[in-house]
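Residues per chain are reported as follows:
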Amino acid sequence: ESSESDEEDTTSKNIWIVKPGENTNRGRAIEVYNDLRSIKKEVSSVVMTGSGERRSYIIQKYIERPLLVHRRKFDIRCFAVVTWVNENMRAWWYPAGYIRTSCLEYSMKNLSNKFVHLTNDAVQKRHEDYGRYESGNKLTYEYFQKYLDNTYPDKKINFKKDILPQIKHCITESMR
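Residues numbered from 1 in each chain as written. Predicted model: local features only at pLDDT ≥ 70, side-chain atom pairs only at ≥ 80, totals over all residues. Heavy atoms only, no water.

A. Just the side chain of glutamine 145, in detail. Here glutamine 145 is to be found in helix α4 (residues 141–151). When its relative accessible area of 16% is taken as the criterion, glutamine 145 is described as buried. Reaching out from glutamine 145, the side chain makes a polar contact with the side chain of aspartate 149 at a distance of 2.7 Å. (Helix = DSSP H or I, 4+ residues; strand = E, 2+ residues; numbered from the N terminus. Buried < 20%, exposed > 50% of the residue type's maximum accessible area, 1.4 Å probe, protein only. Polar contact = N/O pair within 3.5 Å; in protein donor to acceptor, adjacent residues only side chain to side chain.)

Here it is in structure tokens:
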């Protein structure tokens, strides 16, 4: 399913996610913005980290027309272990992962609604619909493949052969 927000003009929006460069897990201090003035105000504010240094920020382009699962946002969770011993780097890929979903249907109407725009467990578990559609808002790769097969049969997308190798490639390249 593509974005169900046809009545909203998302092509002309300039949406960004801004999050702290430190302690960015669990959805803390992540904001979604659609104007440069607000982003500049956020990153120019003097916020100190626990170690007394000025906070850094990660600014990511927001995908305004994402692929959705049952009209909700998702992310793909996968795992790798990387070791560095005697200047030799090795990595191992864990084959099992999962798809993490949001509780609410995707909409661009309210950018501050974290239950729509962030898939973090720490955020989603605070919503009354957490686990309503999937246990713990998580889907297996196998379920996701069935969803792709049923929703996009003409695309013939093979998640494990088409998408996961690209993710592995990105991880490998980021380590070089």
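Continuing now.
B. Spotlight on the packing of aromatic side chains. In the structure shown here, the tally under the stated rule is four aromatic pairs. For the ring pair phenylalanine 144 and phenylalanine 159, a centre distance of 5.3 Å and an interplane angle of 90 degrees mean the geometry is edge-to-face. Of the two residues, phenylalanine 144 is situated in helix α4 and phenylalanine 159 in helix α5 (residues 159–175); the sequence distance between them amounts to 15 residues. One exposure class covers both phenylalanine 144 and phenylalanine 159, and it is buried. Among the aromatic residues, ring-to-ring pairing joins Phe74, Tyr141, Phe144 and Phe159 into one connected group. Its end group placed over the ring of tryptophan 16, lysine 61 keeps NZ or CZ at 5.3 Å from the ring centre. (Phe/Tyr/Trp six-rings, centres within 6.5 Å; stacked < 30°, edge-to-face > 60°. Lys NZ or Arg CZ within 6 Å of the ring centre and 35° of its normal.)

C. Region of interest: the sheet that holds strand β3 (residues 57–61). Judged by pairing direction, the sheet is antiparallel, and its three strands sit side by side in the order β2-β1-β3 without closing on themselves. Two strands in the sheet have a free side with no partner beyond their single neighbour: β2 (31–33) and β3. The sheet shows a mean angle of 25 degrees between the axes of neighbouring strands, taken without regard to direction. (Pairing = 2+ DSSP bridges. Axes fitted to C-alpha atoms, helices over the stretch in contact; angles between N-to-C directions.)

D. Quick look at the packing of α4 against α5. In contact at an axis separation of 11 Å, α4 and α5 are set at 115 degrees when each is read in the N-to-C sense. Counting all contacts with α4, which are made through Tyr141, Glu142, Phe144, Gln145 and Leu148, the residues of α5 involved are Phe159, Lys160 and Leu164. Among the residues making up the contact of α4 with α5, the classes are represented as five nonpolar, one polar and two charged. (Contact = heavy atoms within 4.5 Å. Nonpolar A, V, L, I, M, F, W, Y, C, P; charged D, E, K, R; others polar.)

E. Fine view of the sheet that holds strand β4 (residues 74–85). Taking strand neighbours across the sheet as the criterion, the three strands line up as β4-β5-β6 in an open arrangement whose pairing is antiparallel. Every interior strand has two partners, whereas the edge strands, β4 and β6 (138–139), have only one. Of the pairings in the sheet, the one linking β4 to strand β5 (residues 88–101) comprises 11 bridges and is antiparallel in character. In the strand pairing of β5, tryptophan 84 is matched with methionine 89.

F. Fine view of the confidence of the model for the chain. Here the chain shows a mean pLDDT of 87. Residues at 70 or above account for 91%. Long-range and interchain partners of residues 2–7, a stretch whose pLDDT sits below 50, account for 12 contacts in this model, where long-range means more than four residues apart. (pLDDT = per-residue confidence, 0-100.)

G. Representation of the pairing of β5 in the model. From the end of β4 to the start of β5, which pair antiparallel, there are two residues, and asparagine 86 there has a positive phi angle of about 50 degrees. The sheet contact formed by β5 and β6 spans two bridges and is antiparallel. Paired with arginine 100 across the bridge in β6 is lysine 138.

H. Geometry of the side chain of asparagine 137. Checked against the element boundaries, asparagine 137 lands in the loop between α3 (121–124) and β6. With residues near it in sequence (within four places) discarded, asparagine 137 still touches Ile99, Arg100, Thr101, Ser102, Cys103, Gln124, Asp129, Tyr130 and Gly131.

I. Broad picture of α5. The end-to-end C-alpha distance of α5, which contains 17 residues, comes to 23 Å, matching closely the 24 Å that a straight helix rising 1.5 Å per residue would cover. The complete set of buried residues in α5 reads Phe159, Leu164 and Ile167. Where the residues of α5 are buried, they touch β4, β5 and α4. (Expected span 1.5 Å × (residues − 1).)

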